Number of protein chains: 2
Amino acid sequence: MPDASGLVTIDDVRAAAGRLDGVAVRTPLVPAAWAGGELWLKPEGLQTTGAFKLRGAFNAVALLDDDERARGVVTHSSGNHAQALAWAAAAQGIPATVVMPDAAAPLKVAATRALGADVIMVPSAERDSRVEQLRTERGLTFISPFDHPGVIAGGGTVGLEIAADLPDVDTVLVPVGGGGLISGIAVAMAAAAPSARVVAVEPELAADLAESLARGERVRWDPERTYRTIADGVRLPVVGELTWRHIQAHVDEVVTVPEDAILAAMAAIATRGRIVAEPTGALTTAAFLTDPGRFGRSVAVVSGGNADPTLLAKVLMDAAGWTPRPASR
Amino acid sequence: MPDASGLVTIDDVRAAAGRLDGVAVRTPLVPAAWAGGELWLKPEGLQTTGAFKLRGAFNAVALLDDDERARGVVTHSSGNHAQALAWAAAAQGIPATVVMPDAAAPLKVAATRALGADVIMVPSAERDSRVEQLRTERGLTFISPFDHPGVIAGGGTVGLEIAADLPDVDTVLVPVGGGGLISGIAVAMAAAAPSARVVAVEPELAADLAESLARGERVRWDPERTYRTIADGVRLPVVGELTWRHIQAHVDEVVTVPEDAILAAMAAIATRGRIVAEPTGALTTAAFLTDPGRFGRSVAVVSGGNADPTLLAKVLMDAAGWTPRPASR
């Protein structure tokens, strides 16, 4: 359980690791000597649902009591958390409801339904009220995509594995949207590899955490701004309340990367690292490549691999110098 | 050491595993529920040089005595073994010479040189004679890409890991060119998971092993035939002498797959498995997808990830239903 300060503890993360043993893929560190420095990739896209989110969702569901399990869980997500919670709930035999915006990609809606979740489509503006309604009327337990101790502890198992595989790591680079993953990893590193620095990575176009840390308070960016980035996993307007406290306590630095660096990193990860990264998953490698000597022995957490196939094809062709011929003159 | 029959033993494979601990990436089994049956991928493209070849090359180099180490090693390869041996020799501080055909891809030549090997370009017809000359004149030790006990034992560590991670596996699908990988894996499975079937996979256009097993003797296909397949890792005209005896002793079946199935599997592995597979690496998934119920609980060894980026882009666009507009009418 969280400590007196309300923060997740290393014991919570270790307990999550026990629950995830045999459930989550034990992802290796993939050497990336091609990056021009000491870099290893942690390919979380190899998880069944294509992202690290499965770790936190499964752990949060496993923490429910019998009454909560009987009633079921609810969340809102248009992305990887939706599929992760659907999968985690199905794996533990409990009902899951996912509120998705009308504008969600049909493929992601279908994938979430295929995993057994009850998907409810709503206009974006009604997302929170609909979740609240489901909590009160049906007694469903809300599993936040990031601002939840069980979710944070589950994500923290990524850090435990990094510390076990590379105890003398200097820097762990972690993408930040709501902040759940970096909160958990930072707890793990502080205990298991305390000399490691934990560095947050954001797109320049969704740099609300950078601004928040500079000001010393949570700053919200309008979705109109954050939705400009191609890194759809980190378009959230602001980090969570609980994750903000973890970040203040444990995170050493935040760096931002431009959009073209994200796309170039996607191509490099595919062609040199032989891993498919979605744009959000490529953020950390993009940060490393900006200055390969700066971070020392580094691990880039490649948070997910659910890339749009045509986007991946495009970045590969761009990287290969392929130019489409005009359709007509 | 090989047993009285001359075959590699499980003790050889276990010794190789000890040498490779901390050297090769311990690749996970990646669940592939999307394949319509019980399938896991073994992503060997995550190795530093992008293919399983590093395991055998490193083990073979480690088995050399001091005199042999001082003189160095030689091989011929236009593909993944070239980079693997260059890397393995450099890692152990010994000189490596790689004879490559004039027609080898410039990128692969450059990559092999970048790993520190002395690359000698020759016309294809002079490949074997040049290797023989280097053996006799310079005393270099020849490390065959496949027909070498140390290389076979190193590849066998893939099988040990499969047996450890999925002890009740029914079928292990392995691509076959020269036969080194399947020989080692078959030795490992026979000892560590004896109920598992080991199934060889070839392209229809390079089905020399299928014909060999049907006839009960090694059959050679002309390179003019085998070079038709896009799976460039298995264009060898015939399996090796040593690997043939392992295959006869331990391999249960051989299946062949058409070219379009290989390309479709590349796309599926990238979009659903979030892994980059080269065509040869996609062979085994292609075989599984042909009949997902046939093989039971299966592991598809994805042997390598050194895919041409433009080919990968093309298969992704084809799978997404993207059709290029004509340049002119």
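Residues numbered from 1 in each chain as written. Chains lettered and ligands numbered in written order. Predicted model: local features only at pLDDT ≥ 70, side-chain atom pairs only at ≥ 80, totals over all residues. Heavy atoms only, no water.

An unreviewed UniProt entry annotates chain A as threonine ammonia-lyase of Jiangella asiatica. In the Catalytic activity (unreviewed entry) part of its UniProt record, chain A is described as follows: "L-threonine = 2-oxobutanoate + NH4(+)". (UniProt positions renumbered as here; feature names shortened; annotations may be inferred.)

Enquirer: Could you give an account of the pattern of salt bridges, with specific residues and numbers?
Expert: For the coordinates displayed, the defined rule picks out 29 salt bridges over all chains. Close ionic contact of Glu161(A) with Lys42(A) constitutes a salt bridge, the shortest N to O distance being 2.6 Å. Residue Glu161(A) is found in helix H7 (residues 149-165), and its partner Lys42(A) is found in strand E2 (residues 39-43); the two are separated by 119 residues along the sequence. Put simply, Arg55(B) and Glu44(B) hold a salt bridge, and the shortest N to O gap is 2.8 Å. Of this pair, Arg55(B) sits in helix H2 (residues 53-62) while Glu44(B) sits in the loop between strand E2 (39-43) and H2; the two residues are 11 residues apart in sequence, bridging distant segments of the chain. Summarising the burial analysis for this pair, Arg55(B) and Glu44(B) share the class buried. (Salt bridge = Lys/Arg side-chain N within 4 Å of Asp/Glu carboxyl O. Helix = DSSP H or I, 4+ residues; strand = E, 2+ residues; numbered from the N terminus. Buried < 20%, exposed > 50% of the residue type's maximum accessible area, 1.4 Å probe, protein only.)

Enquirer: Just give me the short version of the domain arrangement of chain A, but keep the residues and values in it.
Expert: Residue and element names in this part refer to chain A. Domain annotation for chain A reports domain 1 (10-48 + 148-316) and domain 2 (54-142). Relative to domain 2, the C-alpha centre of domain 1 lies at a distance of 23 Å. Contact residues are listed per partner, giving 23 residues for domain 1 and 12 residues for domain 2. For the pair domain 1 and domain 2, the summed buried area comes to about 1,400 Å², and 57% of that belongs to carbon and sulfur atoms. At the boundary of domain 1 with domain 2, the tally comes to 3 salt bridges. Among the ionic pairs, Asp232 bridges to Lys108, the shortest N-O distance being 3.5 Å. If you look at where domain 1 meets domain 2, you find 7 residue pairs in polar contact (both at pLDDT 80 or more). Where the side of domain 1 that touches domain 2 is concerned, the elements lending two or more residues are helix H1 (10-20) and H7. Here the side of domain 1 that touches domain 2 gets 8 residues from one element, more than from any other, and that element is H7. (Domains from an automatic or database assignment. Contact = heavy atoms within 4.5 Å. Buried area = accessible area lost by both parts, 1.4 Å probe. Polar contact = N/O pair within 3.5 Å; in protein donor to acceptor, adjacent residues only side chain to side chain.)

Enquirer: Lay out the interface of chain B and chain A in plain terms, naming residues and giving numbers.
Expert: Tallying the contact residues gives 31 residues for chain B and 31 residues for chain A. Summing both sides of the interface, chain B and chain A together bury roughly 2,500 Å²; the carbon and sulfur share of this comes to 70%. Joining chain B to chain A, the criterion identifies 6 residue pairs in polar contact (both at pLDDT 80 or more). Counting only elements with at least two residues in the side of chain B that touches chain A, the list comes to strand E1 (30-31), helix H12 (259-271) and helix H14 (309-319) of chain B. When residues of the side of chain B that touches chain A are assigned to their parent elements, the largest contribution, 6 residues, is made by H14(B). Across the side of chain B that touches chain A, the residue classes tally to 17 nonpolar, 11 polar and 3 charged. (Nonpolar A, V, L, I, M, F, W, Y, C, P; charged D, E, K, R; others polar.)

Enquirer: Explain helix H12 (residues 259-271) of chain A residue by residue, including any values.
Expert: Residues and elements named next belong to chain A. Over its 13 residues, H12 runs 19 Å from end to end, which matches the ideal 18 Å to within 8%, given 1.5 Å per residue. When we look at burial in H12, the residues that qualify are Glu259, Ala261, Ile262, Ala265, Met266, Ala267, Ala268, Ile269 and Ala270. Those residues of H12 that are buried are in contact with E2, strand E8 (197-203), strand E9 (253-257), helix H13 (279-290) and helix H14 (309-319). (Expected span 1.5 Å × (residues − 1).)

Enquirer: Mind laying out unusual backbone geometry, listing which residues take part and the relevant values?
Expert: A positive phi angle is found at Arg274(A), which is not glycine, with a value near 55°. With respect to the helices, strands and loops of the structure, Arg274(A) is situated in the loop between H12 and H13.

Enquirer: Can you tell me about the packing of aromatic side chains, naming the residues and giving the values?
Expert: One pass over the full model with this rule turns up 2 aromatic pairs over all chains. Ring centres of Phe58(A) and Trp87(A) lie 6.3 Å apart, and the angle between their planes is 45°; on these two criteria the pair is classed as tilted. Of the two residues, Phe58(A) sits in helix H2 (residues 53-62) while Trp87(A) sits in helix H4 (residues 80-91), which places them 29 residues apart along the sequence. Residue Trp87(A) is classed as buried on the basis of its relative accessible area, which comes to 18%. It is Arg225(B) that lies over the ring of Trp221(B); its NZ or CZ is 3.6 Å from the centre. (Phe/Tyr/Trp six-rings, centres within 6.5 Å; stacked < 30°, edge-to-face > 60°. Lys NZ or Arg CZ within 6 Å of the ring centre and 35° of its normal.)

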